[in-house]
Every structure is written in structure tokens, then in C-alpha cells.
Amino acid sequence: MVAGSPPLYGVRVLEFAGLAPGPFAGLLLADYGATVLRLDRAIPNSTHTPNPPPPTPDQLTRRKSSIAVDIKSSGGVALIKTLLHHVDVVIDPFRPGVLEKAGLGPSEVMMKINPKLIVGRMTGFRRDGKYSLMAGHDINYIAVSGVLSMLGRKGEKPYPPGNILGDFAGGGMICFVGILLALIGRQQSGRGQVVEANMVDGSAILATMPRLAMNSETWGGERGTNRLDGGCPYYGTYETKDGKYMAVGALEPQFFAALLKGLSIPASSIPGDRENRNTWPWIYENFTRIFKSKTRKEWEDIFDGTDACCTPVLTQWELRDGGYQQRPAVTLRDTPAYAIADEKEKLDIPEVRGQSIGVEGEGWSEEGLSPSVGGEEILGRWMGWKKGRGYDVQNGGLVKSEGARL
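This structure is a prediction, so every number in the text was calculated from the model and none was measured. (Residues numbered from 1 in each chain as written. Predicted model: local features only at pLDDT ≥ 70, side-chain atom pairs only at ≥ 80, totals over all residues. Heavy atoms only, no water.)

Asks: Just give me the short version of unusual backbone geometry, but keep the residues and values in it.
Replies: Within the chain, Asn45 stands out as a residue other than glycine whose phi angle is a positive 60°. Residue placement: Asn45 occurs in the loop between strand E2 (35-40) and strand E3 (64-68). Exposure remark for Asn45: the relative accessible area of 77% places this residue in the exposed category. A positive phi angle, near 80°, is found at Ser356, a position not held by glycine. If you trace the backbone, Ser356 turns up in the loop between helix H13 (350-353) and helix H14 (375-383). (Helix = DSSP H or I, 4+ residues; strand = E, 2+ residues; numbered from the N terminus. Buried < 20%, exposed > 50% of the residue type's maximum accessible area, 1.4 Å probe, protein only.)

Below, the structure written as C-alpha cells:
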């Protein structure tokens, strides 16, 4: 079967430059076919010259291009307003009020220019909450959402899980979903809308299951004492002889039995019901001792192919050095995403690996995107513009030319 175009092919996106959640939403849109044009800050005598500046810190730039625009200049704002007639989605990564101050308020200005426009707004705190005007990072957003309080060992302080839950899962991914929902809604109504995502609500919704389980045995105790947060000995990690780790998730009785078999522990030796929390210390101590008796590779050989729910804890470096192939987040059988890594020699199934050739770095490294690189070509494709006809360059930023047509 010949794969069809990616599902977002033809969707045009303007992404105001930012870090983490906004760019991640743009990256996902690009992976599934959208053309994403990043709007960077203008740098006089640097952007839009033959010698552009080095890449920005943003590494979430797969398949994106850039133009530089000074949103404090009337010519730059005029250029953006003209572009709005020709795009489907705008990603706003700024704190509340930034676009409004620039004269680009989504409801007041943008959607009056283009009623079909979808504006994805990504903030950390809620726009209508007590912290709305404060600076913050992932740790702060998941802290006030209640999620951070659940993470960590018993008797220890809460432990932040990098910036995965706030910036990426509760932020960029939720914003991406909101944009997709708005695109579906536009098919029905013919109108765009403002999509407001924030990392407090986004991370909170990810914790739906533990929140609903607060009054049950599953998640009713203090942090680090529950079935799924490190308190249960058959749902956790164990160090091996070589200083590596195995992950155990043998919750169901049949899986627990397979785990005991692999560990050579007779079920009759356990001093009580495994569901009884008084038995957990004995199980934990013996699992800890036994897992340290063999290397991770030896445990892999024992548990691979079984239903013991026991797997190695692989590091990113191991996966990269072992040639692990990055793939799109979701497999679409008829309209696959673009490929991240070129797996053609290993797996000639486009709907699984994605279509087209992979990107440089294959998902393990990214050189980034220099401000103003590649974007003028996009303007040519979208608008039929070229320098001097449609736009000019002033102080390193693009501005609308006099007499430029929509």
C-alpha cells in the first residue's frame, strides 16, 4: 500500500520562538506534516545576512525554518499581520500580555484578521490563577498542581522528574492535543479559536488515576508507600551486581508467580500474603539481595520472553549507542508521520517507521536552528514573496514592504 500524505500536510504554523513546551508542540505538528515557521528575534547585522547567528538553545527544531522579526517595530508587526491571512495555527509561548502589548492580541487582533485562525497559547501557570503573572519553571507548575507532592520516597522530600511532566507531557503535548481538537472543530464550524493550555492543568489531568485512587489501597498512603510509587516491593527497581537496574511490575498474581520462579524464590517461603503490607519488607529485602547476585544481562537472559514483568532499565546512552531507532509517537497506517530515523534497511514498513528520509541526528542529537535560516524560502512558497517584493530587511528583521499584497 502506498502511504498517503501525513495528516497535517498543508497546515501552516507560525511558532513564536520559545523554549520547551511551545517548540515541542510545534515539533509534533511538523512530525505529522505541518509546515512550521519559527519567528525569532531580529539581531541587527546578523539575522537575514549571509552569515546568520549560531543556533538558538532550542533543540526542538526538527523540520522547522526561521525568520527574524522585531515585534516591537511597526513594520515587523505589519508583516506578521499579513502572514496571518495565510496560516492556520499560531503558537504563543509567552507569558500573559506579551502579544497584547505588541498589538497582536489573539482575540482582539489575530482572529479578526483571520477568523479561521487557531492560536495555541502555552503558559506555565493558569492565566486566571493567583500565580498568573509570576515567573516559573516545570517544578513550580507541577508543585501547585499537586503532582510533585506524589513523587519521591517515603520520608524524603518530593523529587522533581526532570522537566518531563510539566514542560512536555502537561505542556507541549497537551497544547498539541488542543490544537488538533481546534482543527477538528474548524472542520465543523468553519471558525478557528483560541486554545489556552497551561502546565498546571495539563500535569494535573495526567494525575487523574492517582487522584481518583486517593481513598483506596492503591494510592491512599503517604508519598512512597503506595502500590505504584515505590512503596510496593513488586513494583519498583532493583540494583544488579554490575551497578545497573531491573524494573519490576509484577502486580497480578500470575505475573508475580513468574517473577518468583525467575528469582528462584519458593512461594511457600514468603511469610504471609503478598498483598499484606506487613509482608512487604521481607519481600523487598530478599528481592534486593537476590537481584544483586547477578548482572543485569544475566537477569535479562532469565526474564526475557516471560510474563514476569521484569525488564532492564536502559539508559538513553545505551539506546543511542545500540542503534535504537527513534520513531514517530503514533503509528498511522494510512497517513504516516514523517520519519525521524531512516529505518529502511531494517524495517521497510513506512506506516511504522514514518515516511520520507530521517532527519540528521536521527532523534539523538540536534544542531538546532539559526534565526532567519530557511524562512525566506517558506515565504516564497506561501506568499510568492522575495526580498524587495513583499518584505524587506531592517535592523536584522523582516518588515512588510510598501505595497505588498496579501
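Asks: So what's going on with the pattern of salt bridges? Residues and values would help.
Replies: Pairing is possible between side chains of opposite charge, provided their charged atoms come close. Tallied over the entire structure, the rule returns 18 salt bridges. A salt bridge links Asp40 to Arg38, with the nearest nitrogen and oxygen atoms 2.8 Å apart. On the basis of relative accessibility, which here comes to 6%, the residue Asp40 falls in the buried class. Where salt bridges share partners, they join Asp92, Glu100, Arg121 and Arg127 into one cluster. (Salt bridge = Lys/Arg side-chain N within 4 Å of Asp/Glu carboxyl O.)

Asks: Provide a residue-level description of the layout of surface pockets, including the pertinent values.
Replies: Counted as a void, the largest pocket has a volume near 1,300 Å³. For the lining of the largest pocket, the elements supplying multiple residues, two or more each, are helix H1 (21-31), E2, helix H3 (98-101), strand E5 (118-123), helix H5 (138-144) and strand E12 (397-400). The volume enclosed by the second largest pocket comes to roughly 910 Å³. If you trace the second largest pocket, you find 29 residues lining it, with Phe24, Leu60, Arg62, Gln326 and Gly363 closest to the centre. Of all the elements in the fold, those that place two or more residues in the lining of the second largest pocket are H1, helix H6 (164-189) and helix H12 (316-321). In terms of residue count, H1 provides more of the lining of the second largest pocket than any other element does, four residues in total. (1 Å grid on protein atoms, 1.4 Å probe; cavity = no way out; pocket = protein on both sides within 12 Å on 5 of 7 lines; lining within 4 Å. Points joined across faces, edges and corners; volume = space filled by probe spheres on them.)

Asks: Give a description of the packing of helix H9 (residues 253-263) against helix H10 (residues 280-291) that names residues and reports values.
Replies: Closest axis-to-axis distance for the H9/H10 pair is 11 Å, and the angle between their directions is 45°. With respect to their mutual orientation, H9 and H10 come out oblique. As for how H9 packs across H10, the hand of that crossing is left-handed. On H10, the residues that touch Phe256, Leu259, Leu260 and Leu263 of H9 are Ile283, Phe287, Ile290 and Phe291. Residues belonging to the contact of H9 with H10 are distributed by class as follows: eight nonpolar, no polar and no charged. (Axes fitted to C-alpha atoms, helices over the stretch in contact; angles between N-to-C directions. Parallel < 35°, antiparallel > 145°, perpendicular 65-115°, else oblique. Left-handed = near helix turned anticlockwise from the far one by under 90°. Contact = heavy atoms within 4.5 Å. Nonpolar A, V, L, I, M, F, W, Y, C, P; charged D, E, K, R; others polar.)

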